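Structure assessment
What follows is the residue order along each chain.
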Protein chains: 2
Amino acid sequence: MGGVETGGTRVRCAVGTGPDDVRAETTVPTTTPAETLRRVLEFFRAHTEITAVGAACFGPIDLDRSSPTFGRITTTPKPGWRGADVVGALRTLSVPVAFDTDVNGAALAEYRWGAGRGVDPFVYVTVGTGIGGGAIVGARPVHGLVHPEMGHVPITRDSADTFAGACPYHRDCLEGLASAVALSQRWGALPETLPAEHEAWRLQARYLALGVAAIAAVLSPPRIVLGGGVMRAAGLLARVRAETVKTLAGYVRAPDLVPPALGERAGVLGALALAQATLAEAGVQ
Amino acid sequence: MGGVETGGTRVRCAVGTGPDDVRAETTVPTTTPAETLRRVLEFFRAHTEITAVGAACFGPIDLDRSSPTFGRITTTPKPGWRGADVVGALRTLSVPVAFDTDVNGAALAEYRWGAGRGVDPFVYVTVGTGIGGGAIVGARPVHGLVHPEMGHVPITRDSADTFAGACPYHRDCLEGLASAVALSQRWGALPETLPAEHEAWRLQARYLALGVAAIAAVLSPPRIVLGGGVMRAAGLLARVRAETVKTLAGYVRAPDLVPPALGERAGVLGALALAQATLAEAGVQ
């Protein structure tokens, strides 16, 4: 099985069947699509044993198999990557190709091997440069009109928060108010430099709790993994838990909020899981 | 197949296999659980041909099969109904019993026979005395920690809206700001008496659009049915559509917002569909 996670700054590739069986891996910097995908293909061509390949991609991406742009990255602001044909490139390997969002990949990996085992519905949220979420329902990643865009859930702004918001589309969405970019712009400092007692974290916990409350209301997952760079801030997860209980106010039980178990490898492991699922489905048909 | 929808004011019962094959139906007023369930059982006992019965219930209800209170209504404020053992009563019919929320039942019926055919994920939202939503993913109703409680999604209050909110748990949730009860209390008039040009409807469309945006962000359904008494207000659905497009701001495509196709029978038809699904699953196992 081959798996590739295309991230904004680097692309991870792996060959194997799961976290305990990664036979080869590599990381290449994300430059132009042509250069980056060439190096990805080079890696996989050296592993002739792979029988399927999965791609977990930053989005938005086109997941509609009946669409002429299926398998491509769509409206990304990332220079050069708009319209990049990830699936088209991987098809030159002549094995089945699975394709999903990076967060759906990470959600699937955590569901199969990590902090989401046995939990259904299960949601994985990453809080980093952007905020994204993937959902597993009935053991499969959820796709819809496009795919979930949990980072863009509307959030009630704190009355004292005068920051304009970091999302070019929405004034008050989770990503616009609580991503690493929003934190940096609002406080004029990188999130990792803000001390634990800084007002930033109270506000951050409040916004993330509102996002969690929306996810709980719509999907009711027993557990949500909160990952990504921002969640590494000391004490933040505990504060989000406390704020979530306060926000839900006892009407519905709060979902467990836990850190990821697979760390930075969740995305590429998810890509392996996607490849496996594709083969399993092909076998059934 | 037997189906029963327990509503706050009346309970609908039907025998049949779908909207074009309802062989018998009856409605009984919702009084005490003992009295109400006795009349429901009486109706079904007169139909010895039923091979399974489904119940679509107002909530919150306990859907956890491993729980000692499975099949009961839980924290309802409805006098006498807290702890009512709906499934226990139906089991005296000696046929398999399916159990879900009224909105999951309605969602399943609209998905199988109505405005949600072929749409997956699919969401049904009812805007009435309360606000509730049911979701179908992978052809099945979504259950989670409890069940979705879409009426309690946090909503950003309009800065000019000084109404305290009608939800005893949350100051600013969809049900608290946009249910029929909220409308009546805020404007001092029943929603059906408020003229189409009344300020109430601008605000109502705005709040419902925020709820739709949250559902779209988390689950990305291509289509959402908006039903319930409040949605019968002239022009409201069109205003919610326009507000939703404005709220999503082009980042994700707006889901189709459509009226229900099955009308007031959606719940009881959903109960029939739940009963059928239970038999189908029993047959597979």
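The structure contained in this document is the topic of the report that follows.

1. Quick word on the overall build of chain A
- Along its length, chain A carries eight helices and 10 strands.
- At 19 Å, chain A has a C-alpha radius of gyration in line with the 19 Å of a compact globule built from 285 residues.
- Taken along its principal axes, the extent of the C-alpha atoms in chain A is 55 × 40 × 35 Å.
- Sorting the 285 residues of chain A into buried and exposed places 59% on the buried side.
- A fraction of 60% describes how many contacts in chain A between residues 6 or more apart in sequence connect residues 24 or more apart.
- When the accessible area of chain A is evaluated, it comes to approximately 11300 Å², of which 52% is carbon and sulfur surface.
- Put simply, chain A has 26 plus and 26 minus side-chain charges, and the middle of one group is 1 Å from the middle of the other.

2. Here's the deal with the relation of the copies chain B and chain A
- Under the fitted operation, chain B is carried onto chain A by 0.0 Å of movement along the axis and a turn of 180°, and the coordinates agree to an RMSD of 0.0 Å. Such values leave the two copies arranged in the relation of a two-fold axis. Of the C-alpha atoms belonging to chain B, the one lying closest to the rotation axis is found on B:T156, 2.3 Å away.
- Taken together, the interface assignments show that 100% of the residues at the interface of chain B recur at the interface of chain A, consistent with an identical surface on both copies.

3. Side note on the sheet that holds strand 5 (residues 97-101) of chain A
Residue and element names in this part refer to chain A.
- One open sheet holds the five strands; their spatial order is 3-2-1-4-5, and the pairing between them is mixed. The open sheet has two edge strands, strand 3 (21-29) and strand 5, and neither has a second partner. Within this sheet the neighbouring strands show an average axis-to-axis angle of 15°, counted without direction.
- Two strands pair when backbone bridges link them, and strand 1 (residues 2-6) and strand 4 (residues 53-57) are joined in this way by five bridges, in the parallel orientation. Directly across from E5, in strand 4, lies its bridge partner A56.
- Along the sheet, helix 1 (residues 33-45) contacts strand 1, strand 2 (10-18), strand 3 and strand 4; its crossing angle with strand 2, the most-contacted strand, is approximately 20°.

4. Re the side chain of B:D158
- Within the fold, B:D158 resides in the loop between strand 8 (140-141) and helix 4 (174-178).
- Judged by its relative accessible area of 18%, B:D158 falls in the buried class.

Conventions used here
- Residues numbered from 1 in each chain as written.
- Chains lettered and ligands numbered in written order.
- Predicted model: local features only at pLDDT ≥ 70, side-chain atom pairs only at ≥ 80, totals over all residues.
- Heavy atoms only, no water.
- Helix = DSSP H or I, 4+ residues; strand = E, 2+ residues; numbered from the N terminus.
- Rg over C-alpha atoms; globule rule 2.2 N^0.38 Å.
- Buried < 20%, exposed > 50% of the residue type's maximum accessible area, 1.4 Å probe, protein only.
- Contact = heavy atoms within 4.5 Å.
- Areas by Shrake-Rupley, 256 points an atom, 1.4 Å probe, with all protein chains shown as cover.
- Lys, Arg positive; Asp, Glu negative; His and termini not counted.
- Charge placed at Lys NZ, Arg CZ, Asp CG, Glu CD.
- Least-squares fit on C-alpha atoms with pLDDT ≥ 70 in both.
- Pairing = 2+ DSSP bridges.
- Axes fitted to C-alpha atoms, helices over the stretch in contact; angles between N-to-C directions.

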